[in-house]
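Fold and contact review
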There are 2 protein chains.
Amino acid sequence: MDAKQSPASAEPSYVERLRRQRVRVTPQRLIVLEALAAHSGHIAADEILRWAAARYPAINLATIYRTLDLLISIGLVAQTDFGSGVSFFELVGDAPHHHLVCEHCHAVLEVEGNVLSPMHESILREYGFLTNTRHLALFGSCRACLAALESKVP
Amino acid sequence: MDAKQSPASAEPSYVERLRRQRVRVTPQRLIVLEALAAHSGHIAADEILRWAAARYPAINLATIYRTLDLLISIGLVAQTDFGSGVSFFELVGDAPHHHLVCEHCHAVLEVEGNVLSPMHESILREYGFLTNTRHLALFGSCRACLAALESKVP
DNA sequence: GTGAGTGCAAATGCTTTGCAGACGT
DNA sequence: ACGTCTGCAAAGCATTTGCACTCAC
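So, a few notes on the structure that sits alongside this text. (Residues numbered from 1 in each chain as written. Chains lettered and ligands numbered in written order. Predicted model: local features only at pLDDT ≥ 70, side-chain atom pairs only at ≥ 80, totals over all residues. Heavy atoms only, no water.)

Here the focus is the interface of chain A and chain B. The interface of chain A with chain B comprises 34 residues on the first partner and 34 residues on the second. Each partner contributes to the roughly 2,800 Å² buried at the junction of chain A and chain B, and carbon and sulfur atoms together form 64% of this total. On the chain A side of the interface with chain B, the three residues burying the most area are Y127(A), F129(A) and F139(A), jointly 24% of the side's total. Between chain A and chain B we count 0 salt bridges in total. (Contact = heavy atoms within 4.5 Å. Buried area = accessible area lost by both parts, 1.4 Å probe. Salt bridge = Lys/Arg side-chain N within 4 Å of Asp/Glu carboxyl O.)

If you want it as structure tokens, here you go:
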């Protein structure tokens with residue numbers, strides 16, 4: 001739904017989208033958005049802090065969290081837990097994708113959204129539950145670790 | 001796979017399985033296992049503490065966590081994060097199932113394992129990634145909240 | 001000018017750890 | 001008896017909150 005947004009421009013529309021939500025446009029908020037845009041895959045709060053502090057040294061972690069909460073509540077950002085006690089954040093707006101988290105080497109692969117659509121459909125059909133396409137991490141073993149495990153237990 | 005285990009008896013095989021792993025059989029460990037067996041769905045560490053303290057008052061949260069780590073490392077227990085900063089634990093041995101966590105009312109539904117097998121297969125085929133059947137929570141909207149949302153935004 | 005937004009510091013909640021004593025083998 | 005396990009208390013970590021000040025509107 002709604003495919004009308006400029007493909008590769010990052011800066012100008014954010015200001016507009018914040019204004020549309022009647023929230024103030026502050027340098028901190030724009031910088032958090034830039035940090036998210038720069039790491040389009042996924043990024044943790046303290047990584048945002050490091051990134052942001054490089055260009056706005058006074059910025060504070062509490063502000064990062066408050067900003068992320070705001071951006072989530074207005075639908076600009078999605079939050080994902082990879083099971084390590086740390087939350088990761090990403091901009092909503094790219095193609096939907098999910099994360100495969102390797103429990104052995106902790107690598108994170110990204111999966112196209114449509115790989116999971118048959119699952120979404122059967123869960124919706126059988127349980128009446130609409131799975132959120134943007135808040136999903138699957139745990140398991142990546143190809144490399146799988147090979148390593150098989151060579152040990154043949 | 002392997003359907004050979006007594007259906008409703010809980011105590012004797014645990015002792016054996018602990019011994020087989022060369023770890024000591026202590027009342028604390030058995031009580032944690034009993035707590036897990038009693039809540040076969042999923043249970044958080046502090047709920048285990050409450051349950052265990054009722055029959056072994058001296059037991060300590062740190063012990064619960066250490067015991068859970070041990071049980072996970074020997075493959076008796078699985079850990080799941082529902083995205084709330086709290087970990088949930090369950091015995092490995094029941095039929096595989098996953099969890100549907102409603103982001104609105106925080107209800108947790110259980111899904112049969114095979115609903116997700118087409119997804120497992122396509123991910124294995126396309127990414128060489130073997131998803132862990134026992135460490136999975138899907139977030140989204142349950143039937144009731146879905147209905148409530150639709151009536152607000154028709 | 002005013003209230004939303006921020007920085008600072010302290011608090012929170014879950015989980016982990018160091019150490020001395022206890023208990024399973 | 002030995003070495004593992006436990007209880008206790010304190011630390012650790014990501015995240016949240018209270019409060020006074022600041023800045024976007």
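Moving on from the coordinates now.
All names here are of chain B. Read from one edge of the open sheet, 3 strands run β1-β3-β2, paired in antiparallel fashion. The open sheet has two edge strands with one neighbour each: β1 (43-44) and β2 (77-81). Where β2 lies against strand β3 (residues 87-91), 5 bridges are found, and the strand directions are antiparallel. Bridged to Q79 within β3 is F89. Packing of helix α2 (residues 27-38) onto the sheet brings it into contact with β1, β2 and β3, and relative to β3 it is tilted by some 90°. Across the face of the sheet, helix α4 (residues 61-73) comes into contact with β2 and β3 while running at roughly 110° to β2. (Pairing = 2+ DSSP bridges. Helix = DSSP H or I, 4+ residues; strand = E, 2+ residues; numbered from the N terminus. Axes fitted to C-alpha atoms, helices over the stretch in contact; angles between N-to-C directions.)

Let us now look at the relation of the copies chain A and chain B. With an axial shift of 0.0 Å and an RMSD of 0.1 Å, the rotation relating chain A to chain B amounts to 179°. The transformation relating the two chain copies, once decomposed into turn and shift, fits a two-fold axis. Most of the interface of chain A is mirrored in chain B, where 100% of its interface residues again form contacts. (Least-squares fit on C-alpha atoms with pLDDT ≥ 70 in both.)

Before going further, it helps to spend a moment on the protein's contact with DNA strand D. Around DNA strand D, the structure places 24 residues, and the nearest of them are Y65(A), R24(B), T26(B), Q28(B) and T63(B). The sugar-phosphate backbone supplies 65% of the atoms of DNA strand D found within 4 Å of the protein. Between V25(A) and DNA strand D, the recorded distance is 3.1 Å, taken from a backbone N or O atom to a phosphate oxygen. The set of elements that each furnish at least two residues to the surface near DNA strand D consists of α4 (61-73) of chain A together with α2 and α4 of chain B. The biggest single contributor to the surface near DNA strand D is α4(A), with 4 residues. (Near = heavy atom within 4 Å. Polar contact = N/O pair within 3.5 Å; in protein donor to acceptor, adjacent residues only side chain to side chain.)

With that settled, the discussion passes to the environment of N132(A). Inspection of the secondary structure puts N132(A) in the loop between β6 (130-131) and β7 (137-141). By relative accessible area, N132(A) is classed as partly exposed at 22%. Here N132(A) is in contact with E103(B), F139(B) and G140(B), once residues within four sequence places are set aside. (Buried < 20%, exposed > 50% of the residue type's maximum accessible area, 1.4 Å probe, protein only.)

Time to look at the sheet that holds strand β3 (residues 87-91) of chain A. All names here are of chain A. Overall, antiparallel pairing links the 3 strands, which are arranged β1-β3-β2 in an open sheet. Two strands lie at the open edges of the sheet, namely β1 (43-44) and β2 (77-81), each paired on one side alone. Two elements, β1 and β3, share 2 bridges in a ladder whose sense is antiparallel. In the sheet register, A44 faces β3, and the bridge partner there is F88. Strands in contact with helix α2 (residues 27-38) are β1, β2 and β3; relative to β3, the strand with the most contacts, it is inclined by about 90°. Running at roughly 110° to β2, α4 makes contact with β2 and β3 of the sheet.

Residue and element names in this part refer to chain A. In the contact formed by α2 and helix α3 (residues 45-53), the axes pass within 9 Å of each other and the chain directions differ by 110°. As judged from the angle between their axes, α2 and α3 are roughly perpendicular. In the packing of α2 onto α3, the handedness of the crossing is right-handed. Two secondary-structure elements touch here, α2 through I31, V32, E34, A35, L36 and A38 and α3 through I48, W51 and A52. (Parallel < 35°, antiparallel > 145°, perpendicular 65-115°, else oblique. Left-handed = near helix turned anticlockwise from the far one by under 90°.)

Looking now at the pattern of salt bridges. Under the definition given, this model contains 4 salt bridges over all chains. Residues E16(A) and R20(A) are paired through a salt bridge, measuring 3.1 Å at the closest nitrogen-oxygen approach. Remark: R20(A) and E16(A) occur in helix α1 (residues 12-20); sequence separation between them is 4 residues, near one turn of the helix. By relative accessible area, E16(A) is classed as partly exposed at 48%. As a salt-bridge pair, R50(B) and D46(B) come within 3.1 Å of each other at their nearest N and O atoms. Of this pair, R50(B) and D46(B) both sit in helix α3 (residues 45-53), 4 residues apart, which is roughly one turn of that helix. Residue D46(B) is classed as partly exposed on the basis of its relative accessible area, which comes to 36%.

On their own, these measurements won't tell you what the molecule is for.
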